[in-house]
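# Breakdown of the fold
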Number of protein chains: 4
Amino acid sequence: MIITVASFKGGVGKTTTAIHLAEFLQTDAPTLLVDGDLNRSALQWSGTGGFDFQVCDEGQAVKFSRNAEHIVIDTPARPSVEELATLAGGCDLLIVPTSPDALAMGAMLQMVDYLDKQIFRVLLTIVPAKPSKRGAEARAALESADLPVFSTDIRQLDAFKKAAEQGVSVNKVTGDRMAGIAWNCYQKVGEEILKNG
Amino acid sequence: MIITVASFKGGVGKTTTAIHLAEFLQTDAPTLLVDGDLNRSALQWSGTGGFDFQVCDEGQAVKFSRNAEHIVIDTPARPSVEELATLAGGCDLLIVPTSPDALAMGAMLQMVDYLDKQIFRVLLTIVPAKPSKRGAEARAALESADLPVFSTDIRQLDAFKKAAEQGVSVNKVTGDRMAGIAWNCYQKVGEEILKNG
Amino acid sequence: MIITVASFKGGVGKTTTAIHLAEFLQTDAPTLLVDGDLNRSALQWSGTGGFDFQVCDEGQAVKFSRNAEHIVIDTPARPSVEELATLAGGCDLLIVPTSPDALAMGAMLQMVDYLDKQIFRVLLTIVPAKPSKRGAEARAALESADLPVFSTDIRQLDAFKKAAEQGVSVNKVTGDRMAGIAWNCYQKVGEEILKNG
Amino acid sequence: MIITVASFKGGVGKTTTAIHLAEFLQTDAPTLLVDGDLNRSALQWSGTGGFDFQVCDEGQAVKFSRNAEHIVIDTPARPSVEELATLAGGCDLLIVPTSPDALAMGAMLQMVDYLDKQIFRVLLTIVPAKPSKRGAEARAALESADLPVFSTDIRQLDAFKKAAEQGVSVNKVTGDRMAGIAWNCYQKVGEEILKNG
DNA sequence: TGAGTTAGAATGGCACCACCCGTC
DNA sequence: GACGGGTGGTGCCATTCTAACTCA
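Keep in mind that what you see is a predicted model, and the values were worked out from it rather than measured. (Residues numbered from 1 in each chain as written. Chains lettered and ligands numbered in written order. Predicted model: local features only at pLDDT ≥ 70, side-chain atom pairs only at ≥ 80, totals over all residues. Heavy atoms only, no water.)

### Considerations on the side chain of D153 of chain A
All names here are of chain A. Quick reminder of the rule: Here a helix means four or more residues in a row that DSSP labels H or I, a strand means two or more in a row labelled E, and each is numbered from the N terminus. Pairs of N or O atoms within 3.5 Å make up the polar contacts considered here, provided that, within protein, one atom can donate a hydrogen while the other can accept it, and that residues adjacent in sequence are counted only when both atoms are side-chain atoms. Residue contacts are defined here by distance: any two heavy atoms, one from each residue, within 4.5 Å place the two residues in contact.
By secondary structure assignment, the location of D153 is in the loop between α6 (134–144) and α7 (158–166). A distance of 2.4 Å separates the side chain of D153 from the side chain of R139, its partner in a polar contact. Ignoring any residue separated from it by four or fewer positions in sequence, one finds D153 in contact with L124, V127, R139 and C185.

Okay, structure coming up:
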């Protein structure tokens, strides 16, 4: 299965999503993460080799993809409309992460306008904790616009930052009480992908 | 005074910084905000006309700049190295916002490597509240690397998201107790700019 | 009171001793630490400004010493015999730290051979925990050689390394159970100095 | 093969490393250890003649080196930058031992800044036992800085102190269960030298 | 609009257990 | 082979601060 993660706005958890979905899919079958981001965030994150799955950059993708059952592609920020069509055509599922704030939602709506509803699904990320209604409001807005959304939110948790610092995925973070909950978010998203895929 | 805001990574408060510095500088002299971001976030934000200063996109910059004493430029994410040199050459101060996490700090360090210490200054943004040590640690790391940093952090506050929703700058947000504190952050940064500039 | 810390062998806790005695003496009166080590370890340690006392290098010593009641001098490793005489002549107390192993003890014995018993006192450092007899054996050897020794050992504790990492003295270390015990070692040594001085 | 051991900070196992590498290389071919340390630690250690290889001080080096295939040079602590260039130019491999703590690592980084990556290799010494993560963290830091590191750590073991007391190398220590493991550390380092050299 | 209240996140402190080294 | 002690890991409680709700 080939999964592409793309967004028009940066800082909405695109790399975090790509990494943790790859980590989850690796539990199902050999998985490769292709780091197409210009900052090489994923490769930088994995500098110390704390991932179970394989990581490579765009140029090595063809070589490494032979041994992988699942492939997750982390794309550069702000793809052009033409690139967007290419990305959508080259995958089985296009995940569009967005945080529940006006700017990110606006950029997301702008993006999905160019996409077929069959190919993409929106993932709400960096959702504040329960007393906040941002997550629920954003979800309601998405559903009223009849856009496909993952039923699980990715919560805003410090554990994800710690994971980047420690160079591991969040399920291997030490010294954070919420790390298990953080990993659980992506587990549910991964299960939703495998079930519907 | 011409101030450019640029970063290699998205979602670190680049547009928020540009808007609020323009709002502050307007209290000193007529100010223009040039929205160079491909998402046109600033223009989208100001859709309802809730700003005191003028806003235009890149193409209109020359025309509007005649009436402005201060100009703030919001640049697209991930400028190339060549663009970076052009940006640095075309302003009096280049502000590099970064949140205090590993990925954003890495991208920031990558960026300032191409810049002269005389032209840029780092602004810590989205800094978590006091029990967290992220802000202090990031500041220590920057100072140990001998990078110029604004002495005031921009705190992680919901008021900034509400400002984007309401289409106004944070000093005009209603229904948020922390909005005054949020505005105070950028006020101090603005004063630091006017004093040193 | 002027206290000099010197040793013929490196890695025996010379800088750690100088820093923590300065921290202790600061509780008695304004104190200055003169970093004479070529590595500038103390200045590096204090880079983030985590000390109560003042720190300066050799060249600034005269200027800063005017405001200080106590002065602690951290000397370079392996002083020559001539330097040793100068160091001994320029202080009220010369502390010779040594760990309880054959190499460090040998270097220490070599050193004190050039010194008057009235001016120096040996400080056992990096002493392993109780099941080990190294500390007791070293203390017995020193006393049988009729050398003046501080009655308190500085124990081998991870807290001292954490202190260097955090850029603070061990009494300000967070997240270490033994930090209080570590600080207690130097407190007792400091009290012994003030009492006998 | 000429191997030089040097460090900016004392107490990081420089002499211990020189002695045990000489002991290992002696199993390959006649080996000479040149004791350049001002404390004459190696000569003191070997006072009772417990080494298989030959030992001499700097002045005798030329004379003894005629009969040796391998030469290991133990240098004085804190060489000047000029001496460093001379040392690097006079050997096939420059080993820089460092313990995994902030002060030693800082001094090491300061030192290798003057060296070519082709000539030196870092050796992690005095690494605490497994529950501690110091060794792994230091190794990760070295690798992220792209510095050449020996793949084997020298562990912090009492056997090395006993070896110094008994005047023998650690493979001849009696009455210590961990002596074999201690010797094994240097065996692996020695094999890495012979293989890559 | 402003003050008091509640829920949740994050740090720090403490107690408990596991592992390993050093001695007996 | 057994015991004591240090280090790291985890779980639990206390504290602080933000964001939301409620009341005047």
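### Topic: the sheet that holds strand β6 (residues 120–124) of chain D
Adjacent strands of a sheet form backbone hydrogen bonds with each other and so pair up, either parallel or antiparallel. All names here are of chain D. Test applied: Two strands make a pair as long as DSSP finds a minimum of two bridges between them. Angles run from 0 to 180 degrees between N-to-C directions of axes, and those axes are lines fitted to C-alpha atoms, restricted for helices to the stretch in contact.
Read from one edge to the other, the open sheet built from 6 strands follows the order β3-β2-β4-β1-β5-β6, with strand pairing classed as parallel. Two strands bound the open sheet, and with one partner strand each, they are β3 (54–57) and β6. The sheet shows a mean angle of 25 degrees between the axes of neighbouring strands, direction not considered. Pairing between strand β1 (residues 2–5) and strand β5 (residues 93–98): 3 bridges, direction parallel. Across the sheet, the residue bridging to I3 is L93, located in β5. Helix α1 (residues 14–26) contacts β1, β2 (31–35), β4 (70–74), β5 and β6 of the sheet and is inclined by roughly 170 degrees relative to β4.

### Focus on the relation of the copies chain B and chain A
Our working definition: Only residues with pLDDT of at least 70 in both copies contribute their C-alpha atoms to the least-squares superposition of the copies.
Between chain B and chain A, the superposition needs a rotation of 180 degrees and an axial shift of 0.0 Å, giving an RMSD of 0.1 Å. Taken together, the rotation angle and the small translation identify this as a two-fold axis. When the interface residues of chain B are mapped onto chain A, 100% of them again lie at the interface, so the same face is used by both copies.

### Considering the pairing of β2 of chain D
All names here are of chain D. Short version of the rule: Exposure classes here rest on a 1.4 Å probe applied to the protein chains alone. A residue is buried below 20% of its type maximum, exposed above 50%, and partly exposed in between.
Among the 5 residues in β2, 5 count as buried, and that is most of the element. Covered by surrounding structure in β2 are T31, L33 and D35 together with L32 and V34, the residues of both alternating faces. As defined by bridge partners, β2 adjoins β4 across 5 bridges and the pair is classed as parallel. Along β4, the bridge assignment pairs V34 with I73. Across 4 bridges, β2 lies against β3 in parallel orientation. Bridge pairing in β3 places D35 opposite D57.

### Structural notes on the protein's contact with DNA strand F
The criterion, for reference: By convention in these notes, a residue is near a molecule or strand provided one of its non-hydrogen atoms lies within 4 Å of it.
In the vicinity of DNA strand F, 26 residues are found, and the nearest of them are R155 and D158 of chain B, R155 and D158 of chain C together with P131 of chain D. Across the atoms of DNA strand F situated within 4 Å of the protein, the share located in sugar and phosphate is 73%. R177 of chain A places a polar side-chain atom, nitrogen or oxygen, 3.1 Å from a base nitrogen of DNA strand F. Take K162 of chain C: an N or O atom from its side chain is 3.3 Å from a phosphate oxygen of DNA strand F. Of all elements in the fold, only α7 (158–166) of chain B together with α7 (158–166) of chain C reach the threshold of two or more residues within the surface near DNA strand F.

### Points about the protein's contact with DNA strand E
Cut-off, in case you're wondering: Under the convention adopted here, Pro, Cys and the residues Ala, Val, Leu, Ile, Met, Phe, Trp and Tyr are nonpolar, Asp, Glu, Lys and Arg are charged, and Gly plus all remaining residues are polar.
Every one of the 26 residues lining DNA strand E counts as a neighbour, but R155 and D158 of chain A together with R155, D158 and R177 of chain D are closest to it. Between DNA strand E and the protein, one listed contact pairs a base oxygen with a side-chain N or O atom of R177 of chain A at 3.0 Å. Between DNA strand E and K133 of chain B there is a distance of 3.5 Å, counted from a phosphate oxygen to a side-chain nitrogen or oxygen. Counting only elements with at least two residues in the surface near DNA strand E, the list comes to α7 of chain A together with α7 (158–166) of chain D. In terms of residue class, the surface near DNA strand E is made up of 9 nonpolar, 3 polar and 14 charged.

### Considerations on the pattern of salt bridges
Residue and element names in this part refer to chain A. Rules: The salt bridge criterion pairs a side-chain nitrogen of Lys or Arg with a carboxyl oxygen of Asp or Glu, the two atoms within 4 Å.
Taken as a whole and assessed by the stated rule, the structure comprises 37 salt bridges over all chains. D52 is the partner of K172 in a salt bridge, and the nearest nitrogen-oxygen pair spans 3.6 Å. Of this pair, K172 sits in the loop between α7 and α8 (179–196) while D52 is found in the loop between α2 (41–45) and β3 (54–57), placing the two residues 120 residues apart along the sequence. Of the residues examined, K172 reaches a relative accessible area of 32% and is grouped as partly exposed. The exposure class assigned to D52 is partly exposed, which follows from its relative accessible area of 49%.

### Digging into the pairing of strand β1 (residues 2–5) of chain A
Bridging between β1 of chain A and strand β4 (residues 70–74) of chain A involves 4 bridges; their strand directions are parallel. Residue pairing in the sheet places I2 of chain A in a bridge with I71 of chain A of β4 of chain A.

### Notes on the sheet that holds β3 of chain A
Residues and elements named next belong to chain A. The sheet built from 6 strands is open, its strands ordered β3-β2-β4-β1-β5-β6 with parallel pairing. Edge positions in the open sheet fall to β3 and β6 (120–124), since each of these has one partner strand only. Here the average twist between neighbouring strands, direction ignored, is 25 degrees. Relative to β6, strand β5 (residues 93–98) is paired through 5 bridges, and the arrangement is parallel.

### So, the arrangement of the chains
Of all C-alpha pairs spanning chain A and chain C, none lies closer than 12 Å, and the two are not in contact. At the C-alpha level, the nearest point of chain B lies 13 Å from chain D, with no contact between them.

### So, the environment of K63 of chain D
Considering the arrangement of structural elements, one finds K63 of chain D in helix α3 (residues 61–65). Sequence separation between K63 of chain D and Y114 of chain D is 51 residues, and the spatial gap between their C-alpha atoms is 31 Å.

### With respect to unusual backbone geometry
Outside of glycine, negative phi angles account for most residues, and trans bonds account for most peptide bonds. Residues and elements named next belong to chain B. At D146, a position not held by glycine, the phi torsion is positive, near 60 degrees. Looking at where D146 falls in the secondary structure, it is placed in the loop between α6 (134–144) and α7. Using a relative accessible area of 53% as the deciding quantity, one classes D146 as exposed.

### So, the interface of chain B and chain A
Applied cut-off: What gets called buried area is simply the loss in accessible area from a 1.4 Å probe that two parts show on being joined, summed for both.
Contact residues are listed per partner, giving 25 residues for chain B and 25 residues for chain A. Carbon and sulfur atoms make up 47% of the surface buried where chain B meets chain A, a total of about 2,100 Å² over both sides. The largest share of the area that chain B buries against chain A comes from N39, L103 and R134 of chain B, three residues that together contribute 29% of it. Summed over the shared surface of chain B and chain A, the result is 4 salt bridges. As a salt-bridge pair, E165 of chain A and R134 of chain B come within 2.5 Å of each other at their nearest N and O atoms. Applying the counting criterion to the chain B and chain A interface returns 10 residue pairs in polar contact (both at pLDDT 80 or more). Sorting the residues of the side of chain B that touches chain A by element identifies α2 (41–45), α5 (102–112) and α7 of chain B as the ones contributing at least two each. Class assignment for the residues of the side of chain B that touches chain A results in 8 nonpolar, 9 polar and 8 charged.

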